[in-house]
Amino acid sequence: MLKEIVIKEGLNLLSIPTWQMGDTMLKETAKEKKIFVNAKFEDAKKLAHRRDALYVRIFAIKKLLKKLKLRESVDEKFKNILKSLSHFLVDSFEPCK
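Model, not experiment: these values are computed from the prediction.

Trainee: How should I be thinking about the pattern of salt bridges in this particular structure?
Mentor: Pairs can form between side chains of opposite charge once their charged atoms are near each other. Summed over all chains, the structure comprises two salt bridges. With its nearest N and O atoms 3.5 Å apart, the salt bridge here joins K45 to E42. Of the two residues, K45 and E42 are both situated in helix α2 (residues 18-93); the distance of three residues between them amounts to about one turn of the helix. Classification of K45 as partly exposed rests on a relative accessible area of 42%. For R51, the salt bridge identified is with D52, shortest N-O distance 3.4 Å. The class for R51 is exposed, based on a relative accessible area of 55%.

Written out as structure tokens, the structure is:
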């Protein structure tokens, strides 16, 4: 009985036109490729998002560095002015000879 089922299934399989089997195989292959491509696309989107977030952080760090350099420049100018004023004060309080 089992042999009859196998033979009948084999005969039914043979009765399907080969173009139909090929079409089915192509559809299955296309589905597998689509799943693969979608997975790769999702990975690429995640990487792009991480890269964008990293770019934003780098931009913020660069902006902070510019502010820090500007502040250091202002601090240096302030020190120079303070030094000049201190010399001026010392010179103004010295008695005239």
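Once the structure has been displayed, the description carries forward.
Trainee: What is the right way to read a nonpolar patch on the surface from this model?
Mentor: On the surface, I81, L85, F88, L89 and F93 cluster together to form a nonpolar patch covering roughly 590 Å² of accessible area. Along the polypeptide, I81 turns up in helix α2. Owing to a relative accessible area of 51%, I81 belongs among the exposed residues under this scheme.

Thresholds applied
- Residues numbered from 1 in each chain as written.
- Predicted model: local features only at pLDDT ≥ 70, side-chain atom pairs only at ≥ 80, totals over all residues.
- Heavy atoms only, no water.
- Salt bridge = Lys/Arg side-chain N within 4 Å of Asp/Glu carboxyl O.
- Helix = DSSP H or I, 4+ residues; strand = E, 2+ residues; numbered from the N terminus.
- Buried < 20%, exposed > 50% of the residue type's maximum accessible area, 1.4 Å probe, protein only.
- Patch = residues over 30% accessible without salt bridge, like charges linked within 9 Å, V, L, I, M, F, W, Y side chains within 5 Å.
- Areas by Shrake-Rupley, 256 points an atom, 1.4 Å probe, with all protein chains shown as cover.

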